[in-house]
Amino acid sequence: MNNIVEEKAKGIGNKLLNEATRDIIESMGSIIRSNLPQRAIIEASRRNNPTIFSNIMKILQDLSPERFKQHSVCINCYGSTEDLVLSNDVVYNLRINRYDFFIVRSDWSADCYGNKDYSVSIEFFGPNKWKYKKKMMKRVKESIKNGDGYITIINIDMANMCVSKRSFERVILKSDVKRRIVKGIYDWVKAKQWYEENQLVYKLGILLYGPPGTGKSSICRAIASMFQVNRIINFSFDDIENSLSEISYAESSGKLPVIVLMEDIDRIFSDDNPIKDPIENNKGRISVTTTITTNDKKKQILLQILDGVYSNANTIYIATTNHIENLDPAIRRYGRFDIQEKIDYFEKQEAVRFVKNFGLDETFLKLHEDKITYPIQPAYLQSLVMQYRNESHNK
């Protein structure tokens, strides 16, 4: 009898111990994950990044033909490399040397209309992971021909992405808004000598604000296309040092001007404390003797980027926000953002011009008048156009 009791007690004790151990491991895992450095990862999807995706497939095939053949499938069955993709949920690794390796993962997905997409990610591990990620991206970029119709967005936190170029002619805005943006940019271009003669940093700040879904990011792409610049640096306030280094590197080695995108900058203004202008109070430098919060530090550095010691010449800074009321006046003042425009919903005349971009006319708007109320969100109107296209193709 005593043996049975002892066995039961031992079993209960082991169960409690296992549960406690599991809780400890999970807690430790959370702590470790929260303190891990940023991941050295490259991601691309066939739908959103067709050129990069295709080149990654070619590179993986070159690196290990046998492994690639083992895990790939031909989606169009014509036998061309472009039509080969990795099978769904594939995971395999390739060793670079004794200490460094990378893991390849694939995933298949479909949207609400059943359109398939294929994505791939390559994550690098080891003491030289950032070096090999950079080498891989260099190889991907070298295999992309100039003028392929894509702009590379460099984001320090995330993978390099590719988006299609966009002509300003296809960007639908209120006529006076577009005119002021284009004129402001051209005035800045023509004033380079004046900036140099007056010893001012030759940079331009553009602040685009308004409700979500109005095409603020499209304007950024259009501005890059104006200068035939194929890189947009997506500034990260979570990795400021690397972002600043990337801007400096782009200025010294890339095609000018450097285009820097700061999306949703209102997110760093989550508290209600007004910020102090470091230009006026710290003689152009951030004080290191004052204890400041993380958000305060981000705000101060933003001021220095726009008009201070971190401001780079030959650079266009484009900031977007859905909540301009959350921005501190010190950020919004002219001299930091010389072009400030509200990007709003479409009235009917803008909606007509918008659908004409897709080969449609006012008849389309009348056909969907039960779904349309003016002013209308551009993103919603585009979704109606895409839905109409898919329904037409499926007939």
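Conventions and cut-offs
- Residues numbered from 1 in each chain as written.
- Predicted model: local features only at pLDDT ≥ 70, side-chain atom pairs only at ≥ 80, totals over all residues.
- Heavy atoms only, no water.
- Helix = DSSP H or I, 4+ residues; strand = E, 2+ residues; numbered from the N terminus.
- Contact = heavy atoms within 4.5 Å.
- Buried < 20%, exposed > 50% of the residue type's maximum accessible area, 1.4 Å probe, protein only.
- Patch = residues over 30% accessible without salt bridge, like charges linked within 9 Å, V, L, I, M, F, W, Y side chains within 5 Å.
- Areas by Shrake-Rupley, 256 points an atom, 1.4 Å probe, with all protein chains shown as cover.
- Salt bridge = Lys/Arg side-chain N within 4 Å of Asp/Glu carboxyl O.
- Lys, Arg positive; Asp, Glu negative; His and termini not counted.
- Charge placed at Lys NZ, Arg CZ, Asp CG, Glu CD.
- Phe/Tyr/Trp six-rings, centres within 6.5 Å; stacked < 30°, edge-to-face > 60°.
- Polar contact = N/O pair within 3.5 Å; in protein donor to acceptor, adjacent residues only side chain to side chain.
- Pairing = 2+ DSSP bridges.
- pLDDT = per-residue confidence, 0-100.

Student: It is not clear to me how the overall build of the protein should be interpreted in this structure. Could you clarify?
Tutor: Looking only at helices and strands, one finds 14 helices and 13 strands in the protein. Considering only intrachain contacts with a sequence separation of at least 6, the fraction spanning at least 24 residues in the protein is 67%.

Student: What's the story with helix 7 (residues 216–226) in this structure? I'm lost.
Tutor: Because the α-helix completes a turn every 3.6 residues, residues three or four places apart line up on one side. Counting buried residues in helix 7 gives 9 out of 11 residues, a clear majority hidden from the surface. Turning to helix 7, its buried residues are K216, S218, I219, C220, R221, A222, I223, A224 and S225.

Student: Is there a simple way to explain a positive patch on the surface in this structure?
Tutor: On the surface, K131, K134, K135 and K138 cluster together into a patch of positive charge. The residue K135 is located in helix 4 (residues 129–142) in this model.

Student: What is the right way to look at the packing of aromatic side chains in this model?
Tutor: Geometrically, a pair of aromatic rings is defined through the distance of the ring centres and the angle of the planes. Taken as a whole and assessed by the stated rule, the structure comprises 9 aromatic pairs. Summarising the aromatic geometry, the rings of F102 and F124 are spaced 5.5 Å apart at their centres and angled 45° between planes, so their arrangement reads as tilted. Separated by 22 residues along the polypeptide, F102 in strand 5 (residues 101–110) and F124 in strand 6 (residues 116–125) bring together distant segments of the chain. The two residues F102 and F124 agree in class, both being buried. Connected via pairs of aromatic rings, a cluster forms that spans W188, W194, Y195 and Y202.

Student: How should the side chain of K203 be read in this particular structure?
Tutor: With respect to the helices, strands and loops of the structure, K203 is situated in strand 9 (residues 203–209). From its side chain, K203 meets the backbone oxygen of L306 in a polar contact 2.6 Å long. Separated by 2.8 Å, the side chain of K203 and the backbone oxygen of G335 make a polar contact. Apart from the residues within four sequence positions on either side, K203 is in contact with W188, Y195, L306, D307, S311, N312, T315, Y317, G335 and R336.

Student: When you look at the pairing of strand 11 (residues 258–262) in this model, what are you seeing that I'm missing?
Tutor: Regular strands place side chains that alternate from one sheet face to the opposite one. Where burial is concerned, most of strand 11 is hidden: 5 out of the 5 residues are buried. The alternating pattern of strand 11 places V258, V260 and M262 and I259 and L261 on opposite faces, both of which are buried. By the bridge criterion, 3 bridges tie strand 10 (residues 231–234) to strand 11 in an arrangement that is parallel. Along strand 11, the bridge assignment pairs N234 with L261.

Student: How do you make sense of the confidence of the model for the protein when you look at a structure like this?
Tutor: As a note on interpretation, predicted positions should not be read in detail where pLDDT is low. Residues with a pLDDT of 70 or more make up 72% of the protein, whose mean pLDDT is 76. Confidence, read as mean pLDDT per element, is least for helix 9 (residues 278–281) in the protein (40) and greatest for strand 13 (residues 339–342) (96). Contacts of residues 145–163 to residues separated by more than four positions or lying in other chains number 67 contacts, the stretch itself having pLDDT below 50. Ignoring residues within four places in sequence, the model shows residues 272–292, a span with pLDDT below 50, making 35 contacts including any to other chains.

Student: Would you explain unusual backbone geometry in this entry?
Tutor: Among all residues except glycine, the phi angle is most often negative; among peptide bonds, the trans geometry is most common. In this model, Y374 is joined to P375 through a cis peptide bond whose omega is -5°. One can find P375 in the loop between helix 13 (362–367) and helix 14 (378–394). Look at Q199: it is not a glycine, yet its phi comes out positive at around 55°. Judged by its relative accessible area of 74%, Q199 falls in the exposed class.

Student: How should the pairing of strand 1 (residues 40–45) be read in this particular structure?
Tutor: Of all 6 residues in strand 1, 5 are buried; the element is thus mostly enclosed. With 6 bridges connecting them, strand 1 and strand 6 associate as antiparallel partners. Within the sheet, the bridge partner assigned to E43 lies in strand 6 and is S121.

Student: In this structure, what is going on with the side chain of T321? I would like to understand it.
Tutor: Note on placement: T321 falls in strand 12 (residues 315–321). On the basis of relative accessible area, T321 is assigned to the buried category, the value being 0%. Polar contacts involving the side chain of T321 include one to the main-chain amide nitrogen of H323, which spans 3.0 Å. When near neighbours in sequence (up to four residues on either side) are disregarded, T321 contacts L207, L208, Y209, G210, K216, D264, D266 and L327.

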